[in-house]
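Geometric and topological summary
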Amino acid sequence: RLRAGGAIIIGKLATYEWATVGPDKSGLFPPAKNPWRLDHITGGSSSGCAAAVAGGLVRTSIGTDTGGSVRGPSFYCGTVGLKPTYGLVPTTGVLDLAPSLDHVGPVSATVAEAAVTLDVLSGRTGERRAAGRLGEPVSGLRIGYARNWFANDSQTMPAVTAAMDAAASVLSAEGAVVSEVEMPDAATIEVAVAAILHAESFKLHVETLRDHPEDYGRRAFLSLAAGLSLSEGEIEKARAIGASFRRAVDDLLEQCDVLMTAGALTTALPAAPFEKEAVWTPMRTIGFNVSGHPVLAVPVGFHDGLPIGMQIIGRHHAEDRIVQFGHAFERATDFGVL
């Protein structure tokens with residue numbers, strides 16, 4: 001579809017092994033490096049996508065997002081990531097990780113380029129195309145600011161909270177009506193969706209894990225094998241929590257046009273600790289994989305020379321609305337890739 005739309009495909013990009021964990025120097029290919037600081041991580045698993053865009057090699061790229069893998073690298077590398085509504089972009093030909101959570105979306109230099117790329121990937125035309133509201137003002141539209149999802153978390157850098165509050169002020173100055181909303185407990189949904197991810201990815205890999213364990217890197221093997229420990233009851237409970245979260249987000253979006261919250265709770269971490277073991281990077285992304293809502297990742301500032309990003313969440317199939325807000329913010333600020 002991209003080729004038919006006139007895109008020039010110039011190569012393949014780095015990803016974490018099987019889209020699981022990284023960066024891992026012991027793998028077959030070297031990890032991507034963060035163009036803002038080469039000794040810091042890019043985030044993953046679509047690591048090469050954000051590195052290539054932030055480094056000026058390409059203007060747009062294709063990533064996958066099962067727990068935040070389009071958005072995480074975008075937060076850390078200062079790019080725009082667009083996770084569409086679940087199912088909007090077909091996953092035909094994509095290597096599955098967790099089919100009920102897998103999304104395909106662009107990582108791009110600007111909001112407009114992400115929107116146009118998504119429209120070509122999805123084949124959607126007409127009024128509901130993602131680029132359909134580019135340039136429209138946000139005056140009078142309602143934003144639900146989910147500040148509770150990050151501001152009181154001990155893992156959150158003060159600079160992230162400050163950047164998010166400033167972003168809310170920018171959109172308020174653009175005429176949007178900003179009010180705080182309460183999202184469900186982040187830890188509960190993150191644990192539940194992680195269980196779904198591990199269960200589904202283990203099911204896909206179980207035979208190869210058993211018969212050819214040597215074909216996996218150690219970190220990828222341990223991540224995929226984690227699903228072995230989950231019972232059917234635990235998975236069923238996790239799916240119920242996911243369904244409840246989806247309803248809660250839908251209810252909030254009945255009151256608001258979009259929601260906004262932080263993405264990663266820190267800037268990109270130094271890469272050195274990852275050479276010894278997998279390190280947890282705190283984010284607020286995975287809930288929207290199980291809920292299926294479209295999410296736009298947009299850069300909102302810097303701390304110590306490293307980018308900070310936010311998420312704008314919309315109703316199902318309302319990519320045009322989150323793009324409208326992201327584009328308005330982008331035009332009012334100067335944080336994105338040139």
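The following paragraphs examine the structure supplied in this document.

**Things to note about the pairing of strand S5 (residues 177–180)**
Alignment of strand S4 (residues 142–145) against S5, held across four bridges, turns out to be parallel. By the bridge assignment for S5, Gly144 is matched with Ser179. For the segment spanning S4, helix H4 (residues 158–173) and S5, crossover handedness is right-handed.

**Looking at the state of the cysteines**
As enumerated under the stated definition, the model contains zero disulfides in all. For Cys77, which is in no disulfide, the shortest distance to another cysteine sulfur is to Cys49 and amounts to 10 Å.

**Quick word on the pattern of salt bridges**
Going through the model one piece at a time under the given rule, you end up with 13 salt bridges. As a salt-bridge pair, Arg284 and Glu190 come within 2.9 Å of each other at their nearest N and O atoms. Of this pair, Arg284 sits in the loop between strand S6 (258–262) and helix H8 (287–291) while Glu190 sits in helix H5 (residues 186–211); the two residues are 94 residues apart in sequence, bridging distant segments of the chain. What makes Arg284 buried here is its relative accessible area of 6%.

**A look at unusual backbone geometry**
Here Gly22 and Pro23 are connected by a cis peptide whose omega angle stands at -5 degrees. With respect to the secondary-structure elements, Pro23 resides in the segment before helix H1 (47–54). The step from Gly44 to Ser45 runs through a cis peptide bond, and the omega angle for that step is 10 degrees. Secondary-structure assignment places Ser45 in the segment before H1. Of note in the backbone geometry, Asp304 takes a positive phi value of approximately 55 degrees without being a glycine. Following the sequence through the fold, Asp304 ends up in the loop between strand S7 (295–303) and strand S8 (306–313). You can call Asp304 exposed: its relative accessible area is 56%. In this structure, His317 is a non-glycine residue whose phi angle is positive, near 70 degrees. Assignment of secondary structure puts His317 in the loop between S8 and helix H9 (319–332).

**Remarks on the side chain of Thr161**
Take Thr161: it is sitting in helix H4. If we ignore the near neighbours within four places in the chain, the residues touching Thr161 are Tyr145, Arg147, Phe150, Ala151 and Thr156.

**Side note on H9**
Between its first and last C-alpha, H9 extends 20 Å over 14 residues, near the 20 Å set by a 1.5 Å rise per residue. Most of H9 sits inside the fold, with 11 of its 14 residues counted as buried. When H9 is considered as a whole, its buried residues turn out to be Glu319, Asp320, Arg321, Ile322, Val323, Gln324, Phe325, Gly326, His327, Ala328 and Phe329.

**What to know about the nonpolar core**
Met164, Met260, Leu296, Met310, Ile312 and Phe325 are the most contacted members of the largest nonpolar core, which totals 40 residues. If you list the elements that add at least two residues to this core, you get strand S2 (80–83), helix H3 (111–122), S4, H4, S6, S7, S8 and H9. Sorting elements by how many residues they give to this core places H4 first, with six residues. Leaving out residues up to four positions away in the same chain, Leu296 has contacts with Val80, Gly81, Leu82, Val111, Met310, Gln311, Ile312, Ile322, Val323 and Gly326. Listed in part, the 31 residues of the second largest apolar core include Leu97, Ala186, Leu224 and Val249.

Criteria and cut-off values
- All residue numbers refer to positions counted from 1 along the written sequence of the respective chain.
- Only residues with pLDDT of at least 70 get local features here, since the model is predicted, and only at 80 or more are side-chain atom pairs given and counted; chain-wide, interface and lining totals rely on the full set of residues.
- Only hydrogens and water are set aside; all other atoms, that is, all heavy atoms of the structure, feed into the side-chain values.
- The pairing criterion is simple: DSSP has to find at least two bridges between the two strands.
- Under the scheme used here, helices are H or I runs from DSSP no shorter than 4 residues and strands are E runs no shorter than 2 residues, and both carry numbers assigned from the N terminus.
- A clockwise course of the path from the first strand over the helix to the second, judged with the strands pointing away from the viewer, identifies a crossover as right-handed.
- To count as a disulfide, a pair of cysteine sulfur atoms needs to be within 2.5 Å.
- Any carboxyl oxygen of Asp or Glu that lies within 4 Å of a side-chain nitrogen of Lys or Arg is treated as forming a salt bridge with it.
- The cut-offs for exposure are 20% and 50% of the maximum accessible area for each residue type, with area from a 1.4 Å probe on protein chains only; residues under the lower value are buried, those over the upper are exposed, and the others partly exposed.
- In this analysis, two residues are considered to be in contact whenever any of their non-hydrogen atoms come within 4.5 Å of each other.
- How far a helix is expected to stretch is found by multiplying one less than its residue total by 1.5 Å.
- Here the nonpolar core consists of buried residues drawn from Ala, Val, Leu, Ile, Met, Phe, Trp, Tyr and Cys, with membership extended through side-chain atoms lying within 4.5 Å.

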